[in-house]
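Structural overview
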Amino acid sequence: MKRMVDFTVNGEAREMAVDGCRSLLDALRDDVGLTGTKKGCDVGDCGACTVLVDGEPVNACLMLAVEAEGRAVETIEGLQPDVDRLHPLQDAFMRHGASQCGFCTPGILMMAKKLLDDNPRPTDEEIRFGLSGNICRCTGYTKIFDAIKSAAREMEAARP
Amino acid sequence: MRRFDYHRAETLEQASRLLTELGDDTFVFNGGTDLLVEIRERLRRVRNVVDIKQIPGLSDITYDETRGLTFGALVTVGRLENLSLVRQRYPNLRSALASLGSIQVRNRATVVGNICRASPSADTIPPLVADGAFVHIYSRTDMRVVPIAEFFTGAGKTVLAKGEIVTGITVPPAADNIGKAYLKHGRRKAMELSTVGVAVSLAMEEGVCSDIRIALGAVGATVLRAPQAEAMLRGTRLDAAAVRNAADKAMEECTPISNVRASADYRRDMVGVLTGRAIKQALETFA
């Protein structure tokens with residue numbers, strides 16, 4: 001039986017009819033059409049599907065779409081502040097080569113955004129623990145940590 | 001994903017009725033971080049899930065000096081982990097909460113879900129057992145309260161009857177003379193299931209241990225107490241020799257198995273090491 005779900009994605013109101021057993025991840029990718037959020041393991045181990053729900057990072061694969069009713073979902077597509085400007089994290093990831101195959105990148109960027117929103121000057125240890133639910137098989141993480149630290153400095157400098 | 005039907009309960013009565021009437025393959029859907037994995041990996045046959053998250057009154061957290069800390073079934077691991085009260089008064093529980101899964105998982109997973117799953121390696125169970133917590137259980141005929149040590153009947157098994165729903169957990173108040181610790185042993189520091197987990201909760205009066213509970217995780221079908229080791233320590237000053245002897249006794253009292261994470265012998269050795277360390281750490285609370 002399909003259920004109607006009203007929620008917002010990246011600030012935009014959406015309504016969709018979904019099966020009760022459909023994951024938020026599948027609904028975002030296949031029903032809403034936002035394929036930036038990746039399906040890695042589909043069991044909450046890899047973090048590639050990390051999105052923010054009411055501001056909190058969750059694995060979209062471990063949440064049902066029907067549970068998004070009334071909630072605000074933020075995905076990688078909403079990270080960019082406007083069309084011709086990248087988020088400082090996205091910019092830093094490009095400059096530092098923090099993305100190789102790119103499959104983990106959307107989840108890591110969403111997690112890093114939350115990390116820096118809560119803690120603008122994280123220590124190396126805090127970054128490592130903050131990203132412990134996000135697996136990258138390409139980079140060895142060093143460039144990712146460098147990019148996050150660099151973005152943190154830039155965001156701090158840009159603050160009035 | 002394997003298909004299942006989703007039901008949303010508005011009241012405990014309705015949830016209980018659905019759990020009873022929809023048949024054996026019906027499960028409570030709370031945080032979902034374990035159930036959805038079991039469904040996808042075909043570890044559990046599920047036809048129906050009953051979402052309890054819209055039921056009012058299950059999200060509260062309260063603390064008072066006589067009753068202690070009470071939290072509802074919907075309280076997530078992440079929410080409890082970030083409470084300063086838990087940090088200060090329940091450092092053993094806090095340590096277990098912070099070591100469970102990832103931040104993403106902790107934002108969804110609930111402590112009540114963790115105990116109802118009744119995994120022998122569940123992180124939150126040893127500190128709750130060491131603290132002598134109580135489990136509140138709803139059924140359509142009455143409410144009952146069960147000491148957490150009596151809640152588990154085997155690996156993955158609990159005393160819950162069909163249609164019963166855990167509504168919350170109460171952890172007794174933490175007086176100033178009580179020291180606590182939880183040590184989790186794994187191959188890495190995060191995103192890890194416990195190979196062995198040891199929780200200690202102890203009370204000191206004028207330098208003498210007046211009470212101690214030691215709870216051992218992942219070394220038996222359920223989380224175990226170490227009653228003989230505890231008895232050896234009560235009335236002592238918890239000096240190094242007494243702690244060493246008790247840790248040896250705890251090794252005898254556990255019943256580990258060998259599996260993909262560790263051998264039984266290794267687990268038993270780690271019980272000895274971690275019991276000693278956990279007592280030492282709990283004592284440092286008073287330093």
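Residues numbered from 1 in each chain as written. Chains lettered and ligands numbered in written order. Predicted model: local features only at pLDDT ≥ 70, side-chain atom pairs only at ≥ 80, totals over all residues. Heavy atoms only, no water.

1. As for the overall build of chain A
- Along the backbone of chain A there are 5 helices and 5 strands.
- Ordered by position from the N terminus, the helices and strands of chain A form the series β-β-α-β-β-β-α-α-α-α.
- Rg of the C-alpha trace for chain A: 16 Å, near the compact-globule value of 15 Å for 160 residues, within the 12% margin.
- By principal-axis analysis of the C-alpha atoms, chain A measures approximately 50 × 35 × 25 Å.
- Put simply, chain A has 160 residues, and 50% of those count as buried. (Helix = DSSP H or I, 4+ residues; strand = E, 2+ residues; numbered from the N terminus. Rg over C-alpha atoms; globule rule 2.2 N^0.38 Å. Buried < 20%, exposed > 50% of the residue type's maximum accessible area, 1.4 Å probe, protein only.)

2. Details of the packing of aromatic side chains
- Across all of its chains, the model carries 3 aromatic pairs over all chains by this definition.
- Between A:Tyr141 and A:Phe145, the aromatic rings sit 6.1 Å apart at their centres with planes inclined by 20°, giving stacked as the arrangement.
- Each ring, one from B:Phe151 and one from B:Phe152, has its centre 5.2 Å from the other, and the planes form 90°; the classification is edge-to-face. (Phe/Tyr/Trp six-rings, centres within 6.5 Å; stacked < 30°, edge-to-face > 60°.)

3. Some points on the domain arrangement of chain B
Residues and elements named next belong to chain B.
- Taken domain by domain, chain B comprises domain 1 (5–48), domain 2 (61–171) and domain 3 (178–284).
- Placing the centre of domain 2 and that of domain 3 at their C-alpha centroids yields a distance of 20 Å.
- Tallying the contact residues gives 23 residues for domain 2 and 20 residues for domain 3.
- Taken together, both faces of the contact between domain 2 and domain 3 bury some 1700 Å²; the carbon and sulfur share is 61%. (Domains from an automatic or database assignment. Contact = heavy atoms within 4.5 Å. Buried area = accessible area lost by both parts, 1.4 Å probe.)

4. Notes on the domain arrangement of chain A
Residues and elements named next belong to chain A.
- Segmenting chain A into domains produces domain 1 (2–78) and domain 2 (88–158).
- The C-alpha-based centres of domain 1 and domain 2 are spaced at 22 Å.
- Regarding the contact of domain 1 and domain 2, the summed buried area is about 1200 Å², with carbon and sulfur atoms giving 67% of it.
- Seen at the junction of domain 1 and domain 2, the total is 2 salt bridges.
- Lys-114 serves as the salt-bridge partner of Glu-56, at 3.4 Å between the closest nitrogen and oxygen.
- At the boundary of domain 1 with domain 2, the tally comes to 4 residue pairs in polar contact (both at pLDDT 80 or more).
- Secondary structure elements with two or more residues in the side of domain 1 that touches domain 2: strand S3 (50–53) and strand S4 (56–59).
- Considered class by class, the residues forming the side of domain 1 that touches domain 2 number 5 nonpolar, 6 polar and 5 charged. (Salt bridge = Lys/Arg side-chain N within 4 Å of Asp/Glu carboxyl O. Polar contact = N/O pair within 3.5 Å; in protein donor to acceptor, adjacent residues only side chain to side chain. Nonpolar A, V, L, I, M, F, W, Y, C, P; charged D, E, K, R; others polar.)

5. Regarding the interface of chain A and chain B
- Each partner contributes to the interface: chain A provides 29 residues, whereas chain B provides 25 residues.
- Carbon and sulfur atoms supply 57% of the area buried between chain A and chain B, which totals about 2200 Å² over both sides.
- Among the residues chain A hides against chain B, the three largest losses belong to A:Cys21, A:Leu62 and A:Glu67. Together they make up 26% of the total.
- Joining chain A to chain B, the criterion identifies 4 salt bridges.
- Summed over the shared surface of chain A and chain B, the number is 9 residue pairs in polar contact (both at pLDDT 80 or more).
- The set of elements that each furnish at least two residues to the side of chain A that touches chain B consists of S4 and helix H4 (124–130) of chain A.
- Of the residues forming the side of chain A that touches chain B, the biggest block, 4 residues, is contributed by S4(A).
- Tallied by class, residues from the side of chain A that touches chain B come to 11 nonpolar, 10 polar and 8 charged.

6. Thoughts on the sheet that holds strand S2 (residues 26–29) of chain B
All names here are of chain B.
- The 3 strands lie next to each other as S1-S3-S2, forming an open sheet whose pairing is parallel. Edge strands, defined here as strands with exactly one partner in the open sheet, are strand S1 (5–8) and S2. Put simply, the sheet's adjacent strands are angled 25° from each other on average, direction ignored.
- Relative to strand S3 (residues 48–51), S1 is paired through 4 bridges, and the arrangement is parallel. Residue pairing in the sheet places Arg-8 in a bridge with Asp-51 of S3.
- Along the sheet, helix H1 (residues 12–21) contacts S1, S2 and S3; its crossing angle with S2, the most-contacted strand, is approximately 150°. (Pairing = 2+ DSSP bridges. Axes fitted to C-alpha atoms, helices over the stretch in contact; angles between N-to-C directions.)

7. Considerations on helix H11 (residues 264–284) of chain B
All names here are of chain B.
- With 21 residues, H11 should cover 30 Å at 1.5 Å per step; its first-to-last C-alpha distance of 30 Å lies within 8% of that length.
- Every buried residue of H11 is listed here: Ala-264, Arg-267, Met-270, Val-271, Gly-272, Leu-274, Thr-275, Gly-276, Ala-278, Ile-279 and Ala-282.
- Buried positions along H11 lie against strand S11 (178–185), strand S12 (196–205), strand S13 (208–217), helix H9 (227–233) and helix H10 (240–253). (Expected span 1.5 Å × (residues − 1).)

8. Notes on the pattern of salt bridges
- Throughout the structure, instances matching the rule amount to 41 salt bridges over all chains.
- Between A:Arg159 and A:Glu156 there is a salt bridge; the shortest N-O distance is 2.8 Å.
- B:Arg144 serves as the salt-bridge partner of B:Glu164, at 2.7 Å between the closest nitrogen and oxygen. Residue B:Glu164 is located in the loop between strand S9 (157–158) and strand S10 (165–171), and its partner B:Arg144 is located in strand S7 (residues 143–147); the two are separated by 20 residues in the primary sequence.
- By relative accessible area, B:Glu164 is classed as buried at 11%.
- In the salt-bridge network here, residues are joined through shared partners; they are A:Asp26, A:Lys39, A:Asp42 and B:Arg40.

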